[in-house]
Each structure stands twice: as structure tokens, then as C-alpha cells.
Amino acid sequence: MQAATGRSPSVAALEVEALVEFAAAAGLDPGTGEARSRLAGELGGRGEVVAWPPGRNEQCWCGSGRKYKRCCG
């Protein structure tokens, strides 16, 4: 992805309450991929995303506080 776009992939953690509120404000159905994608884009614009994949010795993106290689890696 980085070679094609010049940007590294990132992950936006979506919370149900935030998705429902965002969808209502935008006039979208919160059960659709469009609503999730648009909220993820909004979070990306605000810098509320995590670079993917994390380095092996970095903290895991899931918020456990453990190193990625010992948690979700």
C-alpha cells in the first residue's frame, strides 16, 4: 500500500456508541460499511489512528499494554 499511495496503512478503532452517533449526524445507517469507512476516515483526519503493523517491540495496538509480538503478533 505504501508503494502505491505513499502512505502506510493504519487502523482506526471504532466504538459502537461513536459509530451510532456519527451515523445519525451524517444520515447514515450505522450497520453499513459506508458508515464505518466514513468514521474511520474522520478518525484518520483527526490523527486518531494507529500505524499498521506495529513494530514487534512496540506496544500492541489492542491496548493491552503488552508488546505486539507477545500479544496479537
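The sections below set out a description of the structure shown in this document. (Residues numbered from 1 in each chain as written. Predicted model: local features only at pLDDT ≥ 70, side-chain atom pairs only at ≥ 80, totals over all residues. Heavy atoms only, no water.)

### Remarks on the overall build of the protein chain
Here is step 1 of the chain: Along the protein chain, the regular secondary structure elements total three helices and two strands.
Here is step 2 of the chain: In the protein chain, the order of α-helices and β-strands from amino to carboxyl end is α-β-α-α-β.
Here is step 3 of the chain: Taken over the C-alpha trace, the protein chain has a radius of gyration of 14 Å; the compact-globule value for 73 residues is 11 Å, which it surpasses by more than 25%.
Here is step 4 of the chain: In terms of its C-alpha atoms, the protein chain occupies a principal-axis envelope of roughly 40 × 30 × 20 Å.
Here is step 5 of the chain: Considering only intrachain contacts with a sequence separation of at least 6, the fraction spanning at least 24 residues in the protein chain is 24%.
Here is step 6 of the chain: For the protein chain, the computed accessible surface area is about 5,400 Å², with 49% contributed by carbon and sulfur atoms.
Here is step 7 of the chain: Of the charged side chains in the protein chain, 9 are positive and 8 negative; the average position of the first set lies 16 Å away from that of the second. (Helix = DSSP H or I, 4+ residues; strand = E, 2+ residues; numbered from the N terminus. Rg over C-alpha atoms; globule rule 2.2 N^0.38 Å. Contact = heavy atoms within 4.5 Å. Areas by Shrake-Rupley, 256 points an atom, 1.4 Å probe, with all protein chains shown as cover. Lys, Arg positive; Asp, Glu negative; His and termini not counted. Charge placed at Lys NZ, Arg CZ, Asp CG, Glu CD.)

### As for the packing of aromatic side chains
Here is step 1 of the chain: All chains considered together, the criterion is met by one aromatic pair.
Here is step 2 of the chain: Ring plane angle 85° and centroid distance 5.9 Å describe the contact between W52 and Y68, whose orientation is recorded as edge-to-face. Highlighted residues: W52 in the segment after β2 (50-51) and Y68 in the segment after β2, separated in sequence by 16 residues. (Phe/Tyr/Trp six-rings, centres within 6.5 Å; stacked < 30°, edge-to-face > 60°.)

### Describing helix α3 (residues 33-45)
Here is step 1 of the chain: When the terminal C-alpha atoms of α3 are compared, their 18 Å separation across 13 residues agrees well with the 18 Å that a helix rising 1.5 Å per residue should span.
Here is step 2 of the chain: Turning to α3, its buried residues number three or more, namely A35, L39 and L43. An end-on view of α3 places all buried positions within 70° of arc, on one side of the element. Summarising the geometry of α3, the exposed residues directed more than 90 degrees from the buried face are S37 and G45.
Here is step 3 of the chain: G47 sits one or two positions beyond α3 and adopts a positive phi of about 75°. (Expected span 1.5 Å × (residues − 1). Buried < 20%, exposed > 50% of the residue type's maximum accessible area, 1.4 Å probe, protein only. Arc of directions from axis to C-beta.)

### What to know about the pattern of salt bridges
Here is step 1 of the chain: With the rule as written, the count across this model stands at three salt bridges.
Here is step 2 of the chain: Here E34 ties to R38 by a salt bridge, and the two come within 3.5 Å at their closest N and O atoms. Of this pair, E34 and R38 both sit in helix α3, four residues apart, roughly one helical turn.
Here is step 3 of the chain: Its relative accessible area of 46% is what places E34 among the partly exposed residues.
Here is step 4 of the chain: Exposure remark for R38: the relative accessible area of 42% places this residue in the partly exposed category.
Here is step 5 of the chain: Note that E42 is salt-bridged to R46, the shortest N-O span being 3.8 Å.
Here is step 6 of the chain: Via salt bridges that share partners, E42, R46 and E48 belong to a single interconnected network. (Salt bridge = Lys/Arg side-chain N within 4 Å of Asp/Glu carboxyl O.)

### Side note on the nonpolar core
Here is step 1 of the chain: Residues L19, F22, A23, L28, A35, L39 and L43 constitute the largest nonpolar core, which totals seven residues.
Here is step 2 of the chain: Looking at this core, the elements with two or more residues in it are α2 (16-26) and α3.
Here is step 3 of the chain: Not counting chain neighbours up to four residues away, the residues in contact with F22 comprise L28, A35, R38, L39 and E42. (Core = buried A, V, L, I, M, F, W, Y, C linked by side-chain atoms within 4.5 Å.)

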